[in-house]
Amino acid sequence: MEPNPSSDVEHVPYTALPEEPFLAGPPPHHRRPLKGFAGILASVIFLLSLVALIINQSQEPLPTPNKNESPSTTKDESSSTPEPRGVAQGVSPKSNPSFFKDGVSYNWTNAMFAWQRTAYHFQPEKNWMNDPDGPLFYKGWYHLFYQYNPDSAVWGNITWGHAVSTDLIHWLYLPIAMVPDHWYDINGVWTGSATLLPSGQIVMLYTGSTNASVQVQNLAYPANLSDPLLLDWVKYSGNPVLTPPPGIGLKDFRDPTTGWTGPDGSWRITIGSKSNKTGFSLVYQTIDFTSYELLKGSCMPFRYRNVGMWTLPGFHKRVEGLDTSVNGPGTKHVLKASLDDTKVDHYAIGTYDPVADKWTPDNPKEDVGIGLRYDYGRYYASKTFYDQNKDRRILWGWINETDTETDDLEKGWASVQTVPRSVLFDEKTGTNLLQWPVDEIESLRLNSSEFKDVVVGPGSVLPLDIGAATQLDIFAEFETEFISNETTEEYGCSGGAIDRSNMGPFGILVLADAELSELTPVFFRPVYTKNDSLETYFCADETRSSRAPDVFKRVYGSTIPVLDNEKLRMRILVDHSIVESFGQGGRRVITSRIYPTQAIYGAARIFLFNNATGVNVKATLRIWELNSAFIHPFPFDKQN
C-alpha cells in the first residue's frame, strides 16, 4: 500500500485537544522499579475550552482533512523573501531567512537557546553543521565526518568536521579533517563517502566546488594508516578524478557513494545528478579510484520526472551482516536518494543484477522518489555505513533547523545529527526497512517509570508523573475498545491531533507545559476506509509545539503497516528540541525539530491523550530518563 505523504500545516491556534472540555478521570497508577516515586497526584483534569491563545492574528485555521494532501506551507514566500544560502552555489537551501523586516522572530532568551541544545544527539561545539560524511569504523573508533562551517552558525566555507566515538553515543571532537584549499574544492569540501579496501587502505571520495563553482569529485586518503584517529588526510595530486560528463549541468553532479565490487572484481560508485527535473544517479566503474568509466546504458536506477535533483544517493544490501558487495540467491538491495526539490530521503527495495548493473524495484509504485521514506519528519541527507565491528548497517541523518537564520546566529549553532539507527529488513512485511536506535543508547538510561493498562476515555488527557521530561526514552503500547459503531472515515495525519475521528487520534503529548499551551503530540489514527479495510496512520503534530511565530510547525506522518493481532506500538526519544518517533518497531520514523518557549526545563511534561470519539484506549508504558552523553574535545593533553 502506498504511504500517504506527510502533510504540512503552519500557524495553528493553540486550542485544547478535545473539542469540548472533558473530565479525564484519575491519573494512572504506575510503579518505578529502579527508583521509587510517589503515585501520580490523584486529581482530575479539565481541558481547556476552544478559546485559542493566538500568537499571530494572521494565523490560518487547519485545512479540511485530506488523506492525499501533499506537503505544503502556509507561510508567505513572496519574491521579496531573501534567497536561502546555498541555492546560488548549486546545493540545497541551507538557511531560513527571517520573514520579519527587523530580523527578530521572537523574544528569545539565552535560557531558551541554551535549553534547545541537545544532550545526547551529536552536534559540534558551535557553528553550522549539515550532511554526515564518510562514516566508518577503524581500529576501535567510529569516525563521523560532517559538513561544517568553522566561522559561523550559517552555511558557508564548508569544511569537514571530524569526531570519534567508541560506542556511537559519546563523542570526542577532533581537529578539522579537510579544508577548502585547492582550486578543485576552494568553494567547499562537500559531501563524500568512505570505502575500505581489502588492502586496508581507506579512500574518501568527496564533491568539491571549484573556483568556477563546478561540481567535481575528488579523492583523499589517510596520511598515516597506523593512526587510529585518522587525524591527517592527503588530497590526491591528480584531483579532480571526475568532472561532469557531457549533458550534465556543472552544478548537477555531486555526492559519490561508498564503492562496491562487481563480479569482474572492479569497483562501482554512483553519483547524484539530474536532467531538467528528472533525477537519477550515474554509475561509474573503477579499479583504482583514480580513473573511471561511466557505465552508459545502465538501468540502475530508473528515472522519474519532476522529482528534482538526486543528491546523496545510497546503495546497500538490505540485511544486517553483509556489505554491499555480497550477493547471492534471493539477495535484495536498497536504493536511496535525497530529493533536492522536496528535501525528502526516499528509499526502495529491489533486486540488483551485478552483471548488467541493473536494479529493479520490487514494487514500481514505491520506487525511489515516489514511495517509502527513511523518515517522514525533519530529516535529510542521510548516509549509511557497514559496521564490521558489530556486523550491522548504521544510518545517519541530518536534522536541520526550522527557525530563522537570525536566531541561529544569536544562539551560535545550527543543526543536529539523528541518533544512529540500525537498519534491518522487515521480514514480517517483506516490503520495508526497520530503523531502530542503536542498542548503545540504552547505556544512558537512568530512572524508569512503568504504567500498566491505563484506560483513557474519548476526549481525555492524563498526566504522567515521571519527574524530568526533557531527556526520555519512551516505550508505549496501545489497544482500543469500541464504545460506538464503526464508521467509514477518510482521515489521515493532515488535520493533526485536534482533528477528531471515531478511532483516533491517540498517543502521547511530549514537551507539553501543564496548561497545554505548548505540546507535541505523537499519535496513531486507525480508520476504516470506504472498501471496509482498516488503515492506520502514524503521525507527529508540531503545530502547537511553540508560541514562536516564525518557525515552521507541521504535521508529519504516513500510513503504517500493522499486521493482524499486532498491538499499536511506538518508541519516542525526547532530547530537548529533538523528538524521534518510531512506529511499529521502526516501520515508520518521524523526526521533529521544535522550539518550545514554555515547555522547557522543569516545566516540560508528558501526557497520555485520546482524542477519538468512539474508542477507549488502554495504554502500557515504560519510560526511562536518559543521561547526557559525553561530547567533548579529544583530550590530547592527557595522552601519554
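From a predicted model like this one, the values you see are computed outputs, not experimental measurements. (Residues numbered from 1 in each chain as written. Predicted model: local features only at pLDDT ≥ 70, side-chain atom pairs only at ≥ 80, totals over all residues. Heavy atoms only, no water.)

Regarding its fold elements, the chain presents two helices and 37 strands. Going through the 640 residues of the chain one by one, you find that 62% of them count as buried. Partitioning the contacts of the chain with sequence separation of at least 6, the portion at a separation of at least 24 is 67%. As displayed, the chain offers around 23,800 Å² of accessible surface, 51% of which is attributable to carbon and sulfur atoms. (Helix = DSSP H or I, 4+ residues; strand = E, 2+ residues; numbered from the N terminus. Buried < 20%, exposed > 50% of the residue type's maximum accessible area, 1.4 Å probe, protein only. Contact = heavy atoms within 4.5 Å. Areas by Shrake-Rupley, 256 points an atom, 1.4 Å probe, with all protein chains shown as cover.)

Quick look at the pattern of salt bridges now. Under the counting rule described, the total for this entry stands at 26 salt bridges. The residue D264 makes a salt bridge to R268 at a minimum N-O spacing of 2.7 Å. Linking K567 and E477 is a salt bridge whose minimum nitrogen-to-oxygen distance equals 3.3 Å. In this pair, K567 is assigned in the loop between β31 (555–559) and β32 (568–575) and E477 in strand β27 (residues 471–482), connecting sequence segments 90 residues apart. (Salt bridge = Lys/Arg side-chain N within 4 Å of Asp/Glu carboxyl O.)

Enumeration over the complete set of coordinates arrives at two cavities of 30 Å³ or more. Looking at the second largest cavity, the residues that line it are Y120, H121, F122, L168, I169, W171, W396, T418, V419 and P420. By residue class, the composition of the lining of the second largest cavity is eight nonpolar, two polar and no charged. (1 Å grid on protein atoms, 1.4 Å probe; cavity = no way out; pocket = protein on both sides within 12 Å on 5 of 7 lines; lining within 4 Å. Points joined across faces, edges and corners; volume = space filled by probe spheres on them. Nonpolar A, V, L, I, M, F, W, Y, C, P; charged D, E, K, R; others polar.)

What follows is about unusual backbone geometry. Geometrically, the link from N239 to P240 is a cis peptide bond, its omega value of 0° lying close to zero. Position of P240 relative to the elements: it lies in the loop between β9 (233–235) and β10 (253–254). In this structure, P505 follows G504 across a cis peptide bond, with omega equal to 5°. Along the chain, P505 turns up in the loop between β27 and β28 (506–512). The backbone phi angle of N127 is positive, close to 75°, even though this residue is not glycine. Among the secondary structure elements, N127 is positioned in strand β2 (residues 127–138). By relative accessible area, which is 8% here, N127 ends up buried. Positive phi is not limited to glycine here, since N565 has a value of about 70°.

On to the pairing of β28, then. It is a general feature of regular strands that their side chains alternate between the two faces of the sheet. Across the seven residues that make up β28, a large majority, seven, are buried. Note that β28 and strand β29 (residues 520–528) share five bridges and pair antiparallel. Counterpart to F506 in the pairing with β29 is F524. For β28 and strand β35 (residues 605–610), the ladder comprises five bridges, and the chain directions are antiparallel. Bridge pairing links I508 to L608 in β35. (Pairing = 2+ DSSP bridges.)

As a further point, take the pairing of strand β4 (residues 159–165). Judged by how many residues are buried, β4 sits mostly within the fold: seven of seven residues are covered. Note that strand β3 (residues 141–149) and β4 share seven bridges and pair antiparallel. Looking at the pairing, L144 lines up with A163 of β4. Inspection of the sheet shows β4 paired to strand β5 (residues 171–178) by four bridges, in the antiparallel sense. Its bridge partner being in β5, V164 is matched across the sheet by L172. Once β4 ends, the chain turns through five residues before running back antiparallel as β5, passing L168 with a positive phi of about 70°.

A few words now on the state of the cysteines. Enumeration according to the criterion identifies one disulfide in this entry. At a sulfur-sulfur separation of 2.0 Å, the disulfide partner of C493 is C539. Taking the sign of the torsion about the S-S bond as the criterion, the disulfide between C493 and C539, at about -75°, is left-handed. Here C493 is found in the loop between β27 and β28, whereas its partner C539 is found in strand β30 (residues 534–541), with 46 residues between them in sequence. (Disulfide = S-S within 2.5 Å.)

Let us now look at the sheet that holds β30. Two modes of strand pairing occur in sheets, parallel and antiparallel, and in both the strands are linked by backbone hydrogen bonds. Taken in spatial order, the six strands line up as β26-β35-β28-β29-β30-β31 in an open sheet, and their pairing is antiparallel. The sheet is open, and its two edges are formed by β26 (460–463) and β31, each paired on a single side. If you compare each strand with its neighbour and ignore which way they point, the axes differ by 20° on average. As judged from the five bridges shared by β30 and β31, these two strands associate in the antiparallel manner. Across the sheet, residue A540 finds its bridge partner in β31, namely Y556. (Axes fitted to C-alpha atoms, helices over the stretch in contact; angles between N-to-C directions.)

Another aspect to go through is the confidence of the model for the chain. Across the chain, pLDDT averages 85, with 81% of residues at or above 70. Throughout residues 19–24 the model reports pLDDT below 50, and contacts reaching past four residues in sequence, or to other chains, amount to 18 contacts. Long-range and interchain partners of residues 31–79, a stretch whose pLDDT sits below 50, account for 124 contacts in this model, where long-range means more than four residues apart. (pLDDT = per-residue confidence, 0-100.)

As a further point, take the environment of V91. Mapped onto the elements of the fold, V91 is located in the loop between β1 (30–31) and α1 (110–116). Residue V91 is classed as buried on the basis of its relative accessible area of 11%. Taking the C-alpha atoms as reference, V91 lies 10.0 Å from Q215; in sequence the two are 124 residues apart. Apart from the residues within four sequence positions on either side, V91 is in contact with G86, W155, W190, R254 and D340.

Note on placement: N149 falls in strand β3. A relative accessible area of 4% places N149 in the buried class. A C-alpha to C-alpha distance of 6.3 Å links N149 and N127, two positions 22 residues apart in sequence. When neighbours within four sequence positions are excluded, N149 is seen to be in contact with N127, W128, V154, W155, G156, N157 and I158. A distance of 2.7 Å separates the side chain of N149 from the backbone oxygen of V154, its partner in a polar contact. (Polar contact = N/O pair within 3.5 Å; in protein donor to acceptor, adjacent residues only side chain to side chain.)

All right, on to the nonpolar core then. Counting 58 residues, the largest nonpolar core has I474, F478, I508, L608 and L621 as the members making the most contacts within it. In terms of residues, this core owes the most to one element, strand β36 (residues 615–626), which gives five residues. In this structure, L621 is in contact with S449, E450, F451, L464, I474, F475, A476, I508 and L608, ignoring residues within four places of it in sequence. The next biggest cluster of nonpolar side chains, apart from the first, holds 28 residues, and it includes Y142, Y146, A163 and L444. (Core = buried A, V, L, I, M, F, W, Y, C linked by side-chain atoms within 4.5 Å.)

Next up on the list: the sheet that holds β5. The strand order across the open sheet formed by six strands is β21-β2-β3-β4-β5-β37, and the pairing between neighbours is mixed. Two strands in the sheet have a free side with no partner beyond their single neighbour: β21 (413–414) and β37 (631–633). Where β2 lies against β3, seven bridges are found, and the strand directions are antiparallel. Looking across to β3, one finds that D133 is bridged to F145.

Evaluated as defined, the whole model comprises 30 aromatic pairs. Considering the side-chain rings of F145 and W233, the 5.6 Å spacing of their centres and the 90° angle between planes classify their relative orientation as edge-to-face. Here W233 lies in strand β9 and F145 lies in strand β3, a separation of 88 residues in the sequence. The burial state of F145 is the same as that of W233; both residues are buried. Here the aromatic rings of W260 and Y352 are separated by 6.1 Å at their centres, their planes lie at 80°, and the arrangement is edge-to-face. Separated by 92 residues along the polypeptide, W260 in strand β11 (residues 260–261) and Y352 in strand β17 (residues 344–353) bring together distant segments of the chain. An identical accessibility class is assigned to W260 and Y352; each is buried. Cluster of aromatic residues (ring-pair linked, three or more members): F122, Y146, Y148, W171, Y173 and W396. Geometry around W413 places R117 over its ring, the cationic atom sitting 5.8 Å from the centre. For the cation-ring pair, R445 lies above W624, with the distance from its terminal atom to the ring centre recorded as 3.8 Å. (Phe/Tyr/Trp six-rings, centres within 6.5 Å; stacked < 30°, edge-to-face > 60°. Lys NZ or Arg CZ within 6 Å of the ring centre and 35° of its normal.)

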